[in-house]
Each structure stands twice: as structure tokens, then as C-alpha cells.
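Descriptive structure summary
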Number of protein chains: 2
Amino acid sequence: ERSSSTMSLTNEADAYFAENPAPPSLATAKKQLDDFISTHVAQNRRVVLITSGGTTVPLERNTVRFLDNFSAGTRGACSAEYFLKAGYAVVFLHRQWSLLPFARHYTHSRNFFLGHMSETADGGIEIEDDYAKTLLPILRAYKKTQKEGTLLMIPFTTVSEYLHLLREAAMSMRPVGANGVFYLAAAVSDFFVPSSEMSEHKIQSGDADSMATPVTGAPRGKTLNLHLSPTPKFLHHLISTWAPTPALVVSFKLETDPGILLAKAKQALRRYGHRLVIGNLLKTRSWEVVFVENGQGGKEEDERWKEDWIRLEGGEKGKGEIEALIIPEVVRRHEGMMKEVAGSNGNGVNDD
Amino acid sequence: ERSSSTMSLTNEADAYFAENPAPPSLATAKKQLDDFISTHVAQNRRVVLITSGGTTVPLERNTVRFLDNFSAGTRGACSAEYFLKAGYAVVFLHRQWSLLPFARHYTHSRNFFLGHMSETADGGIEIEDDYAKTLLPILRAYKKTQKEGTLLMIPFTTVSEYLHLLREAAMSMRPVGANGVFYLAAAVSDFFVPSSEMSEHKIQSGDADSMATPVTGAPRGKTLNLHLSPTPKFLHHLISTWAPTPALVVSFKLETDPGILLAKAKQALRRYGHRLVIGNLLKTRSWEVVFVENGQGGKEEDERWKEDWIRLEGGEKGKGEIEALIIPEVVRRHEGMMKEVAGSNGNGVNDD
């Protein structure tokens, strides 16, 4: 029996998907996802769905302006490489043009790639030795994923596209069961402009405040007022409905105020009932994160909070990438969960 | 004698720069600009300042969310290549991580660059022949700019950084005089949140409406309200004060509604007193633009509007880039202006 608050959450989600149309890319994405998942389920390979980058909230239907969430995609793109290295197949649901696994090493670099290339005698192009040395492991790892078909990349831009694709991807993951991980690193818009209330055309800075929408143009020299509605809490729907029940769901919590980080992480675990939140602060996220887990789950008096800080040796000036520490820790917890599931099923555990 | 409305515009700009601090990068940018400009003035080379990409309006000081303007940087990055080809030195003031000249051919491509590379027998990396053939002209053009020092790239992110850097760049262009062009393709925020009124930390979707700022958090489930102030009209200051008087200033006007494009272009020319607006529509901008010029200038009854549409042959499905048509036309008009200036100075014209 679902409580009335759960029913209203469900209605809220259903209404959202009805009112905000699916992206044109959805049918193709579904096909790609189903093919990808069935290939890896047949090989008993673990699969992780990684979300990465910020979602946008368009202010006009013919979009000239939009609200965006700060996220280069570093966490997601970097983590993808380490999950692949750990033998997982990766579905990389990312903000279009944000950082991609492998490509991130040269697309968003101040070190201009073309500056390291030169023309050969026979009209070809070679990459200079020193640069090639650093690129080689990346090229090899990329080629391996291509050979094994272990990387599927799906782009989104708006929050609406993201939610439709996330739902589709999560449902496609059902056959993966306990072999599945959801690693939700994307920065998702908390607020949006409903499709039906969006301005058709570019809001004019000189317009009088006469448009019957929540996004009103402003008389020249006056303020622009935006009134945005809260996005449905998709994490609830992912965990309760879309995703396979035994999968490990890892959500991220980014805060700017250190004083509230742990409280917000625990709040999320209480609210959504999943196992693990990775908390981080805007300013230190490249070298420290905290794993927050509720060991017991269930009632508040039974809570056994575990908070494990992972930090790069050397802190801010540390060498290497913190994802090299994060992913093995996530994998360890995933294996723990898989053992629990197998134990309760009376099965042995398949180790890949 | 300045009118009171001009005085208030000036005060508005001064106030803006006083209240919105310069980016840390400003001093370095000034040095780079001065060196770059003096080199090319000494060679009597024409210089174009191209602005490209969208500016952001942060909603928090520790920025988690921001308002952005849709602009991949295609127009600016592509135009830069054609200006370089035409012999201009280019200052490329661009949104960080948006498209760059030359690099644009592989950074934002669905055609994964790594997929066209392979390891050589001696542990190096080569680029496969077919792909190398297409990249070769780009590599050559890039190497030429490096050799001649004709490309200076300066990044910005926020509208505040952009305006500080634009002012610095425009003032640094003064020695260029009539040899200078301003090609303002960036999508600049019309509205912003004043620094003093910005939220310090990430706005919480669960916050009560109690913050004394124009950006108020919302109680869980309620709306988020944003109240933004109009940005000062920087184009006025660029033309009247910052830039060298005889330079050609080209501004862009992007609209989504075809019915108002020409009116808006003319309005801009009347308002700012420059020579040329390039108008385009969101949906057709990759294959058609309109050059709008006021042949006479001055009083409304003397206006002689010229509207010249430039279209790619084949329209939307046309081959090639429309910038290959736009830039020669801009250069032609620049040369016309240079002749006018030289004529009124009693000098001959230096053709480069």
C-alpha cells in the first residue's frame, strides 16, 4: 500500500514526464542501451551507469538563455576511466560537450594539441615523441574499450532530456541486477521552467512586464524576474521504481559550506533509502571526498553512520587523481553488496 | 558637453566596474595585449578583436548555479580562422572551453579523435591517413599563426570578467587606429546579479524565503525567485570611449523571431552610432545572415538603410562555411572605412 505522499510523488513524476516531452534521441538511446546491456549481461560483466555534467533549464522554447549547474564533468569522466580499468562496462550519460573519458586529456587542455603535431615528409601527421608518450596509455585504454564494447556514451543538455534518459537507462539496467551500480555525479537542476509556461521567443530586455508567463521580460532598465518550479525528486523514483532493486546506488552531494555537508549527506540517505552518498565541497573536491553510509538503515534510532574521508596524499598539491582512490572503494562496497544479495539468494558469488 | 543621460550612463559603467571586481587574470591579459598590439602595429598589420561564446551570471559567490547565454562559439571561432587567412592579427576573447579556432575541428566532434590514432612499432602515435588529410590544412594554418604570432587567445567565464577584459582589450587597441576591427560575436548577458547582493553559499532548495538578497531560496516544494538587474550597455562605452575612434565596430544581433530582426538591428545602430550590425536568426544562423548598415548616419530622416543578405549556396544543406562569405565582406567594408579615414587625413592608404 502506498502512502498518500508516495502517491503524490508518483503523480508528480508522471505529470512531469507527460508535460515535458521526451527528447528525439530517446528511441535511439533505448535501442543502444538494450543492446549494450544484453551483451554484458551475457558475459556476466558488471555495469555502472555514470551520470556526469550539469543539466540546463531553458528559459525560452527557442533557447537563447538558460540556467545551468556548474560541472565540468571532471568527476564523471575521470571515474569512468577507473571503472573501465576495474573491468566494468560503463554507460556514460553526460552533458553534451562536457568532459569525456579519454578525450578529456586533450579537449579541454590549455596545452594546445595541434602544437604537438607536425607534418611528415609524405604528407601525413605525426605526434611529437614526448607528448605521444603521455598519450599512449590513454590511447591503449581507449582502444581496449572499443574492442570490448565496454563504453556507451549518451549525451543530454536540458534537465528534461536528462530525466527521460535517466529513467530509460535505469530501466534498461534491470537485467543487470546486483551486478549494477548507479554513480550519479551529474549536477541536476533543482528548479525548472515548465514547458507550458516557457516563453516562445527570446525574452527582450526592453519588454514590458506583460507576458503571462513566470519568466517576465523587463522594461528597459528594470529587473528581470524569474519564477522557477522545483524539479521532482528523481532519486526517489530511480531507487524505488526504475532501477533494479539490488543495484548499488551512489549519489553525490556537493556543498559550498563545510558546516552542512555531513548533515545534507545524511538527510539524503534518510530521504531516499539508498546506501551511499559521496559528499564533497566545491573548493576541495579534486582532492578530498567523504563516503557517508548508513550501516543499519531503517529507523533513526538504529542509524549507525559511517563517515570515511578519502584524501589525496599531499592534499591540494597532491599528485594523481582522487578517482584512483574513490573507485576501488566503491567497487569494494559493491562487492560487499553483491555478496549480501548472493547470500540471501543462497547462491555462490561470481567474481569477475 | 555631455547630456545628463550620457553622464548617468557613464556613472552606471563606472559604478559597475567599481562594484564588480576585476578578474585576477586582468593584469596578465593587459601585458599580453600590449605586447601583441605593439608587435603588429610595428608591422602595420590589421588587428581584429573577436569576442566569442556566452557570458555567465553566477547566482552564488561560491558558484554552483549560473545563468548562461546559448553560444557554442561557432561564429567566433570560425570567423577567427578566416580573419587570420585574410592577414589580420586576431585577439580572440572567448568563453573558456567554448570552440577555439583550429581546435574546433576535433574538440567538439562526435568523431572521436582517438579513434583515428594508432600506435606505431616504435612506441609512438600516428594519425590515420584519411583523417590526417583533412587535418593537414588546419595544422598548417595553425603553425603559420604560431610562427607569425598572429593569434592571442584570452578566456573569460562571467559577464563581469568579460566586461573588464573587453574594456582592457579595447583600450589596448588604440594604437591600431583605423587598422582595427571589433567583431563582437559573444552572447553577452543582458541581466546580472550584483556582487554585493549575491548569495555567499549554494542556494538550498529547502531554504525558507528569508535571505535578504534578490536571489531567494525556496521552501521545499515552492518556487525559486530570481530578480536580476540589467547589465550596463557596454557597446555604448566601447564605441564612445574605450575603442579607437576610427576602428570598424561590428556588433551582432541574434533573434528568434524573424519579424523583429531588422527592426532590432536598426535600433542598435541608432542607439550606439556604429556602422554595421550583422543580424541572424537562431535557427538559420549557420547559413544566412544580414548585414545592416546606415549609409548616412545621423538624423532619422537622413537614414539610408542598407540590408544585404548573405546566404550559403544550397541554404541549410549548403556546403562550406558561411564565414567564408562573411569575413571577405567585413574586410571589404573595413578597407572602405580605412580609405575614408586616410582620405580625411590626407594620407595615402597602406594596403596590407
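Up top you'll find the structure we're talking about.
Nothing here was measured: the structure is a model prediction, and the numbers come from that model.

Once that is clear, we can look at the pairing of strand β13 (residues 276-281) of chain A. Both faces of the sheet carry side chains from a regular strand, because those side chains alternate between them. Residues and elements named next belong to chain A. Burial within β13 is extensive, with 6 of its 6 residues counted as buried. Burial along β13 is two-sided: the face carrying Leu276, Ile278 and Asn280 and the face carrying Val277, Gly279 and Leu281 are both buried. The parallel pair strand β12 (residues 248-255) and β13 is bridged by helix α8 (residues 261-272), and the resulting crossover is right-handed. With 4 bridges joining them, β13 and strand β14 (residues 288-294) adopt antiparallel strand pairing. Paired with Gly279 across the strands is Val290, a residue of β14. Between the end of β13 and the start of β14, which pair antiparallel, lie 6 residues.

Right, let's talk about the relation of the copies chain A and chain B for a bit. Between chain A and chain B, which share one sequence, the superposing operator has a rotation angle of 180° and an axial displacement of 0.0 Å; the RMSD is 0.0 Å. In symmetry terms, the pair is related by a two-fold rotation axis. Comparing interface residues between copies, 100% of those in chain A also lie at the interface in chain B; the contact surface is shared.

Take the sheet that holds strand β2 (residues 56-58) of chain A next. Strands sit in the order β2(A)-β3(A)-β3(B)-β2(B) across an open sheet of 4 strands; the sheet is antiparallel. Edge positions in the sheet fall to β2 of chain A together with β2 (56-58) of chain B, since each has one partner strand and no second. Adjacent strand axes in the sheet meet at a mean angle of 25° when their direction is disregarded. With 3 bridges connecting them, β2(B) and strand β3 (residues 65-69) of chain B associate as antiparallel partners. Paired with Val57(B) across the strands is Leu67(B), a residue of β3(B).

The partner chain B presents 69 residues to the 69 residues of chain A that form the contact. Note on chain A versus chain B: buried area summed over both sides is about 6600 Å², and carbon and sulfur give 61% of it. Contact with chain B buries surface across chain A, with Phe112(A), Leu114(A) and Ile125(A) losing the most and accounting together for 11% of the total. The interface formed by chain A and chain B contains 6 salt bridges.

Right, let's get into the packing of helix α6 (residues 159-172) of chain B against helix α7 (residues 234-242) of chain B. To describe two helices that pack against each other, one gives the angle between their axes and the distance between the axes. Residues and elements named next belong to chain B. One way to put it is that α6 packs onto α7 with a least axis distance of 10 Å and a crossing angle of 20°. What the angle tells us is that α6 and α7 run roughly parallel. Crossing angle aside, the handedness with which α6 passes α7 is right-handed. Contact with α6, carried on its side by Tyr162, Leu163, Leu166, Arg167, Ala170 and Met171, involves Phe234, Leu238 and Trp242 of α7 and no other residues of that element. Broken down by class, the residue content of the contact of α6 with α7 amounts to 8 nonpolar, no polar and 1 charged.

Parameters at a glance
Residues numbered from 1 in each chain as written. Chains lettered and ligands numbered in written order. Predicted model: local features only at pLDDT ≥ 70, side-chain atom pairs only at ≥ 80, totals over all residues. Heavy atoms only, no water. Buried < 20%, exposed > 50% of the residue type's maximum accessible area, 1.4 Å probe, protein only. Helix = DSSP H or I, 4+ residues; strand = E, 2+ residues; numbered from the N terminus. Right-handed = clockwise from strand over helix to strand, strands pointing away. Pairing = 2+ DSSP bridges. Least-squares fit on C-alpha atoms with pLDDT ≥ 70 in both. Contact = heavy atoms within 4.5 Å. Axes fitted to C-alpha atoms, helices over the stretch in contact; angles between N-to-C directions. Buried area = accessible area lost by both parts, 1.4 Å probe. Salt bridge = Lys/Arg side-chain N within 4 Å of Asp/Glu carboxyl O. Parallel < 35°, antiparallel > 145°, perpendicular 65-115°, else oblique. Left-handed = near helix turned anticlockwise from the far one by under 90°. Nonpolar A, V, L, I, M, F, W, Y, C, P; charged D, E, K, R; others polar.

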